[in-house]
Every structure is written in structure tokens, then in C-alpha cells.
Amino acid sequence: MMNNNAVVITNGLLAEPSAKTAHGLIRGSDRFRILGVIDPVHAGKDAGEVVDGRVRQIPIWSSLEEAVGKSKEPIHYSIVGIAPKGGKLPPELRQVVESSLVNRISVINGLHDFLTDIPEIVSLAGIHGASITDIRKPRSRSELHFWTGRIFEVTCPIVAVLGLETNLGKRTTSRMLTESCRANGINGQMVFTGQTGWMQDGKYGFVLDTTVNDFVSGELEHAIYTCFKETEPDIIFLEGQSGLRNPTGPCGSEYLVSGNAKKTILVFSPKTEYFSNNPAWGKVPTIEEEIALVKLYGSDVIALAMNTRGCTNEEIIGFRDQYEQRTGLPVLLPLQEGVDKIIPVIRGILNQQ
């Protein structure tokens, strides 16, 4: 995109887990240049400070009108930055979307509610010469791929970044792993499987939760194979979705079986006891149980990555040491320390090729 200046709309939810799309874009995007965030609750702050305490020179404005008035550069896109359960468009956020279109700012939407299905919004876009992109709108079946077996022609290691639960940071960890590899002279590539991954880069991958089930394995294979052929990578990381045993959307076996990921990195949260914090949905399995399950699928867990939500600094170090002793695996702290700790492990895998 030549004109890729964007603002992200969170409307009061920037500090909440449901704003994970915004969090990813604030941490980095190759597709869009993030000029600011629209969130009246946190207006006046730096977006990076709200997300993880790191100043990123991304201002938070109270409204679309303030953003237009104060931005030193033209705004080309407004991006819906929240992903609430059910993917519904909140009424207050719709107002910001409409204001964007009136100001000739195109809208990028990753919700399950499609803006192109709302006649009034489509009309506004047409009147003011703006566009609407619904990332989760299913593609035509004629564009989709069946699984073929070409995955076995991919000769570089394929690493699935899976989680024991939802909203743990699988995409962020995948992106950081890719960036760390490149910074250390390793050609790492990432295959995205969600809407935020498309917004951050989006060259190789697909949106899994909008793909007809018969085509999921084929789309995953196609993305990995295309990435392998076009980039000649040393290693490929697959962005995981949901969790192998989360009842709200079990997902992960496709990566290990259809995607032939023989290595896995597990993302976990030591303070999360139940799936989606709901006792009725069952307890999140232990790390040891999940490692064993992944092994049954034919993949070896090579490292753990810890989501430290709710942990004090002292607890973070304690949990890291505890889980390293329990499993004998390196435990990454992506937000606190980055992921460079895994580079020697990756070099060891590559030397075995």
C-alpha cells in the first residue's frame, strides 16, 4: 500500500485483552504506518505505554476529529483495533467508523460483523470516496486450496507456535521469533492465520476462522509451501489459533498434521487455571500434559513462552525458573526479555538439517 498511514480505533478498550489487534499494530506493522490510536479513556497518553509500558511515540486521541486535526500527516485508514468475543461491532465504535468515512478515510475491519453488509455504511463510503475492507469476509471457494501433499517438499524446519489457551500472545511471539532470527542472520519467515497477522504483514497466510473447514488444511499447506518457494527460508513459524483443547474453538492439530510442523513452541499463562477463566469449561491442562499431547501428534516442543498477565516481577522470574526446572526447556519472556534466548536452540535444529 503506497498510502498506508493509519489510526487504530479501540474506543476505551485499549488496555483490555480484547484490543489485541491494536496491541499487535502498536508493537509493529509492515503493512501500515500507525499514526495514533483513538480511545477517549486513554487520550493524551502514549499507546505503547498503555500496552506494555514502552514509549513508542504513538499518541492516543479522544476522537476521530481530534486525530484529523492534530495528525501531522494525512490519515488514509482507520483500523478497527478490537476483537471482542463474538466479533460484533459495538455501537459506539460504529460512530467512529462512520466519521472516518465522512472524512474520506478508508476502513479496515477484522470483526465477524462485516461493514460491507451494512447499507448505510456502504453508502457513506461511496458518497465520500472511501473504501471498506472486511478482512474476515470468506473468500470464494474457487480461490481456496485443497491439501495436496506438497507440504512434504518443504525441507526447512516448520515450527508451530501454539497456546494452551486463547489470547496468550501466539501471534506476537511468532512475529518476535521471526524478527529475532533475522537479526541473528537466520532467514525466518512467518505464516499468519488471523486478521491481525494480515494487518501486520500479510504476505503469507490466511484467516483460519473464516475459512470453510474442508479447505483449512489446504490453505495452511498452500501458505507454507508458497512461503518456502518464494523466500527460501531457513525456518518457518506458524501463528497458532485458540488451543488444542479449548472448547470454545479447539485448534492446533492442523498445524502439526497438515502443516507438518515437527517442532512446537508452547505459549502458556501460569496464572490461568480455567479455559477463558470459566470453571464450567474445564481446567487448562498442565504444561507436561500438553507437551505429551503434542508429542503424540509427532511434534517436539522445543521451548515455552510465558504470558505474564497478572504476575508481579518477582513471580515472573520464579515461574520462569520453576518451569525450566520442571520441563528442561528454555522459557521465553517475550515482552520482558525478547526471544533471543531461543536462537542457540534454532541454530542446533538447523545444524541437524
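Structural data are supplied above this passage.
Residues numbered from 1 in each chain as written. Predicted model: local features only at pLDDT ≥ 70, side-chain atom pairs only at ≥ 80, totals over all residues. Heavy atoms only, no water.

Engineer: Would you mind going over the packing of aromatic side chains in detail, with residue names and values included?
Structural biologist: Tallied over the entire structure, the rule returns five aromatic pairs. Relative to Y77, the ring of F32 has its centre 5.4 Å away and its plane inclined at 70°; by these criteria the two rings are edge-to-face. Here F32, found in the loop between α1 (20-27) and β2 (33-38), pairs with Y77, found in strand β4 (residues 77-80); they are 45 residues apart in sequence, far enough to count as distant. In this pair, the class of F32 matches that of Y77, namely buried. Aromatic pair W147 and F152: ring centres 5.9 Å apart, planes at 85°, arrangement edge-to-face. For W147, a relative accessible area of 36% puts it in the partly exposed group. Counting every residue linked through ring pairs, the aromatic cluster contains F32, Y77 and W198. In this structure, R31 is placed above the aromatic ring of W198, and the distance from its NZ or CZ to the ring centre is 3.9 Å. (Phe/Tyr/Trp six-rings, centres within 6.5 Å; stacked < 30°, edge-to-face > 60°. Helix = DSSP H or I, 4+ residues; strand = E, 2+ residues; numbered from the N terminus. Buried < 20%, exposed > 50% of the residue type's maximum accessible area, 1.4 Å probe, protein only. Lys NZ or Arg CZ within 6 Å of the ring centre and 35° of its normal.)

Engineer: Requested: an account of helix α8 (residues 213-231), with residues and values cited.
Structural biologist: Between its first and last C-alpha atoms α8 spans 28 Å; for 19 residues at 1.5 Å apiece the expected length is 27 Å, and the two agree. Once α8 ends, the next one or two residues include E232, with phi positive near 50°. (Expected span 1.5 Å × (residues − 1).)

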